[in-house]
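Here is what each chain is made of, one letter per residue.
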Amino acid sequence: MASEEASLRALESLMTEFFHNCTTNERKREIEELLNNFAQQIGAWRLCLYFLSSTRNDYVMMYSLTVFENLINKMWLGVPSQDKMEIRSCLPKLLLAHHKTLPYFIRNKLCKVIVDIGRQDWPMFYHDFFTNILQLIQSPVTTPLGLIMLKTTSEELACPREDLSVARKEELRKLLLDQVQTVLGLLTGILESIWDKHSVTAATPPPSPTSGESGDLLSSLLQSPSAAKLLNQPIPILDTESEYICSLALECLAHLFSWIPLSTSITPSLLTTIFHFARFGCDTRVRKMSSVNGSSQNSVLGQERGRLGVLAMSCINELMSKNCVPMEFEEYLLRMFQQTFYLLQKITKENNAHTVKSRLEELDERVLCWGRQAERREREICFAGINGMKGCPSCSYIEKFTDFLRLFVSVHLRRIESYSQFPVVEFLALLFKYTFHQPTHEGYFSCLDIWTLFLDYLTSKIKSRLADKEAVLNRYEDALVLLLTEVLNRIQFRYNQAQLEELDDETLDDDQQTEWQRYLRQSLEVVAKVMELLPTHAFSTLFPVLQDNLEVYLGLQQFVVTSGTGHRLNITAENDCRRLHCSLRDLSSLLQAVGRLAEYFIGDVFAARFNDALTVVERLVKVTLYGSQIKLYNIETAVPSVLKPDLIDVHAQSLAALQAYAHWLAQFYSEVHRQNPEQFISLVSTALEAITPLISSKVQEKLLLSACHLLVSLATTVRPVFLISIPAVQKVFNRITDTSAQRLPDKAQVLVCRALSNVLLLPWPNLPESEQQWAVRSTNHASLISALTREYRQLKSNAIVPQRKVQLEDTKVIIHQTLGVLEDIVESISGESTKSRQICYQSLQESVQVSLALFPAFIHQSDVTDEMLSFFLTLFQGLRVQMGVPFTEQIIQTFLNMFTREQLAESILHEGSTGCRVVEKFLKILQVVVQEPGQVFKPFLPSVISLCMEQVYPIIAERSSPDVKAELFELLFRVLHHNWRYFFKSNVLASVQRGVAEEQMENEAQFSAIMQAFGQSFLQPDIHLFKQNLFYLETLNTKQKLYHKKIFRTTMLFQFVNVLLQVLVHKSHDLLQEEIGIATYNMASVDFDGFYSAFLPEFLASCDGVDSNQKNVLGRNFKMDRDLPSFTQNVHRLVNDLRYYRLCNDSLPPGTVKL
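Residues numbered from 1 in each chain as written. Predicted model: local features only at pLDDT ≥ 70, side-chain atom pairs only at ≥ 80, totals over all residues. Heavy atoms only, no water.

### Structural notes on the overall build of the protein chain
Operational definition: Elements are defined by DSSP. Helices are runs of H or I of four residues or more, strands are runs of E of two residues or more, and each kind is numbered from the N terminus. Burial status follows relative accessibility: with a 1.4 Å probe on protein chains alone, a residue under 20% of its type maximum counts as buried, one over 50% as exposed, and anything between as partly exposed. Contact between two residues is taken to exist if any of their heavy atoms lie within 4.5 Å; hydrogens are not considered.
What the protein chain contains, in helices and strands, is 54 helices and 6 strands. The burial tally for the protein chain puts 54% of its 1155 residues in the buried class. Once local pairs closer than 6 in sequence are excluded, the contacts in the protein chain between residues at least 24 apart make up 75%.

Structure follows, in structure tokens:
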């Protein structure tokens, strides 16, 4: 006894020292090692049992429980049965004796340890485990403890971790399912009895002055006056103990609902009871308890009551998230929706005391699962190697309710809409109120997502039922028009300034957009979806609003005055400046909205909606020209930091909106090109007049790029024949080819050059080949390229001469600028007609030859090599036919000669990411080459394979970095996929004679080396490479029957299967479990007999960490199924059980004899 007491004092001292501020990390490591060694001792649990019953030190208790947890989960198999019986007897007694005095986290940990024993031993050796839990719940004194045990049992047994065999997991689930009806009955009884007990004493409040207004909707929702009356009962005021029990019961239900199937075990009375408790969340009266006498205790009570509502909604959402609904449960589901929408109506009902928004703000308060002090205390105790329970995050009733609405619309609306007794239109009215009274931006975004889901559902429903399209639309028309109007109001400062000014328009999120941009984009998506359904209504709602703001903008001209330094906007009063700022911001947003709707004016509806679209385009052309003519972007204003960006943004957005109508202009052109094209010519000419003044290095980049993009769209999408002859376009030609003019910023220069090149290269629509004027256009294009590349072509003469540093930097700038432009020009016509590509290559030919001549001189400048290879890659992808075979061969040979093993090693190992990019682009060029059909490039195959396997692969094989690997394996895949006959020559005559394709294997060594490289890649940690390469093998099997080939079948098949199974066992690529299972099946199915008779026994024989009896069990449990689902299930069972057996064997004490 004295030694036990001494051990306890020593442990308390160690724990105090461990958590003391002055203890060094080194000393902490020593203590931790000491404690871990103690825990590994046989019989340590006896001391821990003494510690638990004799100490009040939280740290000591938590450590002692961790020792038990380790013993049960990792060493239980080797514990003598007498000791197990003693532990099963003592720990529950300890819990019963002290559960009221133990800190909650110690109590919860003790519960989990007892449940862990049940997980191992129930029902065979611990037959009263579950019965004890039920008895605890039924006894009023221990009900909370029983509920904690029940929830822990649901968490640990229904979805256990992998430290159990599959058979045991299935047994536990079946045992639990057998108890579900009893458990649900008990929980229903607890919740009902507490509700009924407190309802009797609840004082009935006087009728609300507005209570009459809800009668009609409530009756239509519930179809039953008695049900409505039941839900209108006052909410009872619960004492603290009752609230605690209810919250535990609801937590249990939420977890049970996450795994039990929907069935009649979930009774109507249980659902009704849950909804009673959901009312705690939406009744602000119970939250106002603290205001009665201001005590902090009552404030906590209000929090707890709010939490009951959150927990009840969690239960409802668990049921809602199940997509598979049995027929007999559909009626329950309908009842659930009716009751939830009663709650929604309650939340959104206005009365004298509350606006809807203020009520939602109150309901959006977050509720915590426990106090912060307790949480901090628990975190202190959960040090390395000692784990406690984690606190659940805070959440609000509104968040839970929004989750419910999302689940309803996305999962169940199609099912429920067909019920005549469910009023969908009334529901949309409530959802509308709920959406537009959200207290936070995130809440509003979430509601917009729900509307997007609804609009998608409606669109797909109409497309599948075109016959009654009008009836469906008529039903929802009013709701959709209301939604559209309100969403448009919400993006305008005129109606929503306070909220919009709160949005951040500077910080970028993960999607590279600001909070304001996200807000606008999500809103415009809703507008666009309504436009798709109701085009006329949407246009007639949006256009007048745009028109109002345009009038303000177009009226600014009268306030422009000339000052000494230029033009000034003569609006100076603070209020006028603020109003102008709001109007300009709104105009910018509305221009984006109009641009977003452009797609709904083209195609089949072009003629029907022509007039609306023409009105829009005419206004946009007028606005862009106005902005360019009076140069509002350069004007002085009273508040330059605000109004100048606003004016620039409006101008840029007007150009972007006009660009969105390029496809409409193209369709307009094709309709009128033969007769009366004057209107079209006028629109395009005016647009170009608006663009030309902006193409200048003095114009702000945002505006310059918008103008360039519009020019590109006119040249590429619209392609009018007269474009080249318009003075404005000729002016741009002169500007770009004039070497004395200041060069535009890189992005703008590239875009303008692309536009000018496309004007000359792209075929004119609606004209026969004979009228395309290719000869003139070819000459002009050659002149354009010649002017753009003049300095670049001059580099050839001094390519060999060593350059001084300053001169080298100048040369690099010329190469960067020229190749950027040329690469973009080639890329933009790569999918166009042969004639366009021919002219393009003729113009570029000299520059391409210069590039090839310069390449060797810059091989050690990886930044230049990177740009050159980008250019050559684009050439190979777009113009390889036009380049011709001899020159293409010359390029490939040059590259192969330059990329020696030493050069590759230098690039990959010493030049960092740029060097790796160079090699990756070189491999991408080779990918294009090996994909080329025909025999032209086949002579390069041996060199390409040799480069891959003998030069690149040895450098990267052992590197952990993923650089270059993905491109190398893609190249190897392309070599196999597009050159299968290089390895396998089908003998047609033999196949006719024998009825079986006789294959001659060629280049066997290269094929084997490639396959070995693929196999090695599966042993590396990079999951992306693993997934890519597995996909490549599966593709080769689908297309070319790779797994069936004799060489693969006889020498590689089971090596690959072995590697894939080992990967599953080691859990190194768990995210790809499904893909690995399918690939294993596809390989095994080539030779099932060999798999079952030879491979599987060999695989099991080679497995270490399991004894022969366990190997026999694993083999017997792997059924000889030949269908995919059963086979993959067997594979995952084998992997799980193999890991489980190893875990068990590792936990046995040394010297254990296994029979």
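### Observations regarding the environment of Leu 767
Relative to the assigned elements, Leu 767 resides in the loop between α34 (746-761) and α35 (774-788). The partly exposed category is assigned to Leu 767, whose relative accessible area is 22%. Each C-alpha atom, one on Leu 767 and one on Val 721, is 9.0 Å from the other, the two residues being 46 residues apart in sequence. The residues contacting Leu 767, other than those within four sequence positions of it, are Arg 674, Val 721 and Gln 772.

### A word on helix α43 (residues 941-956)
The criterion, for reference: To estimate how far a helix should extend, the number of its residues minus one is multiplied by 1.5 Å. Bend angle per residue: angle between axes fitted to the 7 residues ending at that residue and the 7 residues starting there.
Over its 16 residues, α43 extends 21 Å from the first C-alpha to the last, a length consistent with the 22 Å expected when each residue adds 1.5 Å. Of all the bends in α43, the greatest measures close to 30 degrees and is centred on Cys 948. Among the residues of α43, those classed as buried are Leu 941, Val 944, Ile 945, Leu 947, Cys 948, Met 949, Gln 951, Val 952, Tyr 953, Ile 955 and Ile 956. On its buried face, α43 sits against α40 (885-898), α41 (901-910), α42 (912-931), α44 (965-978), α45 (980-983) and α47 (1004-1017).

### Concerning the packing of aromatic side chains
Between two aromatic rings, the relevant description is the distance of the centres plus the angle of the planes. Test applied: Stacked, tilted and edge-to-face are the three classes applied to pairs of Phe, Tyr and Trp rings, where Trp contributes its six-membered ring and a pair requires centres within 6.5 Å; stacked means planes under 30 degrees apart, edge-to-face means over 60, and tilted covers the rest. To sit over a ring, a charge needs its Lys NZ or Arg CZ within 6 Å of the ring centre and within 35 degrees of the ring normal.
Following the criterion strictly, the structure yields 73 aromatic pairs and no others. Judged by centre distance (6.1 Å) and plane angle (85 degrees), the rings of Trp 451 and Phe 454 are edge-to-face. Placement of both Trp 451 and Phe 454 in helix α22 (residues 441-464) is noted, with a separation of 3 residues, approximately one turn of the helix. Side by side, Trp 451 and Phe 454 carry an identical accessibility label, which is buried. Taken together, a centroid distance of 5.2 Å and an interplanar angle of 40 degrees make the contact between Trp 664 and Phe 668 tilted. Taken together, the residues span about one helical turn, with Trp 664 and Phe 668 both in helix α30 (residues 662-672) at a distance of 4 residues. Pairwise contacts between aromatic rings join Phe 1054, Tyr 1081, Phe 1088, Phe 1091, Tyr 1092, Phe 1095, Phe 1099, Phe 1118 and Phe 1127 into one cluster. Above the plane of the ring of Trp 764 lies Arg 777, whose end atom (NZ or CZ) is 3.9 Å from the centre. Sitting over the ring of Phe 984, Lys 1045 keeps its end group 5.7 Å from the ring centre.

### A word on the packing of helix α13 (residues 268-282) against helix α17 (residues 330-347)
The relative placement of two packed helices comes down to the angle between their axes together with the axis-to-axis distance. Quick reminder of the rule: With axes taken as lines fitted to C-alpha atoms, and helix axes fitted only over the stretch in contact, angles between N-to-C directions fall between 0 and 180 degrees. Throughout, the term roughly parallel applies to angles under 35 degrees, roughly antiparallel to angles over 145, roughly perpendicular to angles from 65 to 115, and oblique to all others. A crossing counts as left-handed when the near helix is turned anticlockwise from the far one by less than a right angle, and as right-handed when that turn is clockwise.
Their axes nearest at 10 Å, the elements α13 and α17 cross at an angle of 15 degrees. Considering the angle they form, α13 stands roughly parallel to α17. The crossing of α13 and α17 is right-handed. When α13 is examined against α17, the residues Pro 268, Leu 271, Thr 272, Phe 275, Ala 278, Arg 279 and Cys 282 are found in contact with a partner set consisting of Tyr 332, Arg 335, Met 336, Gln 339, Thr 340, Tyr 342, Leu 343, Lys 346 and Ile 347.

### A few points about the packing of α30 against helix α32 (residues 701-718)
Selection criterion: All amino acids are sorted into three groups, where Ala, Val, Leu, Ile, Met, Phe, Trp, Tyr, Cys and Pro are nonpolar, Asp, Glu, Lys and Arg are charged, and the leftover types, Gly among them, are polar.
One way to put it is that α30 packs onto α32 with a least axis distance of 9 Å and a crossing angle of 40 degrees. Relative to α32, α30 is oriented oblique. For α30 against α32, the interelement crossing comes out right-handed. Across the interface between the two elements, Ala 662, His 663, Leu 665, Ala 666 and Tyr 669 of α30 pack against Ser 713, Leu 714, Thr 717 and Val 718 of α32. When the residues that make up the contact of α30 with α32 are grouped by side-chain class, the tally is 6 nonpolar, 3 polar and no charged.

### So, the environment of Leu 971
Relative to the helices and strands, Leu 971 resides in helix α44. As for Leu 971 and Val 944, which are separated by 27 residues in sequence, their C-alpha atoms are 9.1 Å apart. If we ignore the near neighbours within four places in the chain, the residues touching Leu 971 are Leu 923, Leu 926, Gln 927, Val 930, Val 944 and Cys 948.

### Brief notes about the side chain of Asp 1022
What counts is decided by this rule: Under the counting rule used here, the positive set is Lys and Arg, the negative set is Asp and Glu, and His together with the chain ends is not counted. Salt bridges are counted wherever a side-chain nitrogen of Lys or Arg sits within 4 Å of a carboxyl oxygen of Asp or Glu. In protein, a polar contact requires one atom able to donate a hydrogen and another able to accept it; more generally it is a pair of N or O atoms within 3.5 Å, and residues adjacent in sequence count only if both atoms are side-chain atoms.
Looking at where Asp 1022 falls in the secondary structure, it is placed in the loop between α47 and α48 (1023-1040). Here Asp 1022 occupies a buried position and makes no salt bridge, while the nearest side chain of opposite charge, Lys 965, is found at 6.3 Å. Side-chain polar atoms of Asp 1022 contact the backbone nitrogen of Leu 1025, separated by 3.4 Å. If we ignore the near neighbours within four places in the chain, the residues touching Asp 1022 are Pro 962 and His 1069.

### Points about the environment of Glu 417
Within the fold, Glu 417 resides in the loop between α20 (397-416) and α21 (424-435). Leaving out residues up to four positions away in the same chain, Glu 417 has contacts with Val 424, Tyr 457, Lys 461, Arg 475 and Tyr 476.

### Notes on the pattern of salt bridges
In total, this model carries 40 salt bridges according to the counting rule given. One salt bridge connects Arg 917 with Asp 866, and the closest N-O pair in it is separated by 3.2 Å. Pair noted here: Arg 917 is in helix α42 and Asp 866 is in helix α39 (residues 862-883), with a separation of 51 residues, a long-range link. A salt bridge links Glu 932 to Arg 880, with the nearest nitrogen and oxygen atoms 2.3 Å apart. Of the two residues, Glu 932 is situated in the loop between α42 and α43 and Arg 880 in helix α39; the sequence distance between them amounts to 52 residues. Overall, Glu 932 belongs to the buried group, its relative accessible area being 16%. Within this structure, Glu 69, Lys 109, Lys 112, Asp 116 and Arg 119 form a network of salt bridges that share partners.

### Side note on the nonpolar core
Keep this limit in mind: Note on terminology: a nonpolar core comprises buried Ala, Val, Leu, Ile, Met, Phe, Trp, Tyr and Cys residues joined through side-chain atoms within 4.5 Å.
Counting residues in each nonpolar core, the largest one holds 401 residues, and the members touching the most others are Leu 91 and Trp 664. Beyond its immediate stretch of four places on either side in the chain, Trp 664 contacts Phe 601, Ile 602, Phe 606, Phe 610, Ala 613, Leu 614 and Val 617.

### Quick look at the confidence of the model for the protein chain
Detailed reading of the predicted coordinates is not advisable wherever pLDDT is low. Formally: The pLDDT score gives, residue by residue, the confidence of the prediction method on a 0 to 100 scale.
Per-residue confidence for the protein chain gives a mean pLDDT of 85, with 89% of residues at or over 70. Low pLDDT (under 50) marks residues 368-393, which in the prediction has 49 contacts with non-local residues, meaning those over four places away or in another chain. Considering only residues more than four positions removed or in separate chains, one finds that residues 1151-1155, a stretch of pLDDT under 50, has 3 contacts.

### Quick notes on the side chain of His 651
The topology assignment puts His 651 in helix α29 (residues 640-660). With a relative accessible area of 1%, His 651 lands in the buried category. Within the structure, the side chain of His 651 is placed 3.3 Å from the side chain of Ser 628, a separation counted as a polar contact. Once you skip the residues sitting within four places of it in the chain, His 651 turns out to touch Tyr 553, Thr 624, Gly 627, Ser 628, Tyr 633, Leu 694 and Leu 703.

### Quick word on unusual backbone geometry
That bond from Trp 122 to Pro 123 is cis: its omega, 0 degrees, falls within 30 degrees of zero. With respect to the helices and strands, Pro 123 occurs in the loop between α6 (104-121) and α7 (129-138). You will see that Gln 512, though not glycine, has its phi angle at about 60 degrees, which is positive. Exposure remark for Gln 512: the relative accessible area of 57% places this residue in the exposed category.

### A closer look at the state of the cysteines
Note the cut-off: In plain terms, two cysteine sulfur atoms within 2.5 Å form what is called a disulfide here.
Scanning the model with the defined rule gives 0 disulfides in all. There is no disulfide at Cys 252, and the cysteine sulfur nearest it, in Cys 315, is 9.4 Å away.

### Notes on helix α24 (residues 493-502)
As a reminder, the rule being used: When we speak of the arc, we mean the arc of directions from the helix axis to the C-beta atoms.
Of the positions making up α24, those classed as buried are Phe 493, Asn 496, Gln 499 and Leu 500. Down the axis of α24, the sector holding all buried residues measures 145 degrees, keeping them to one side.

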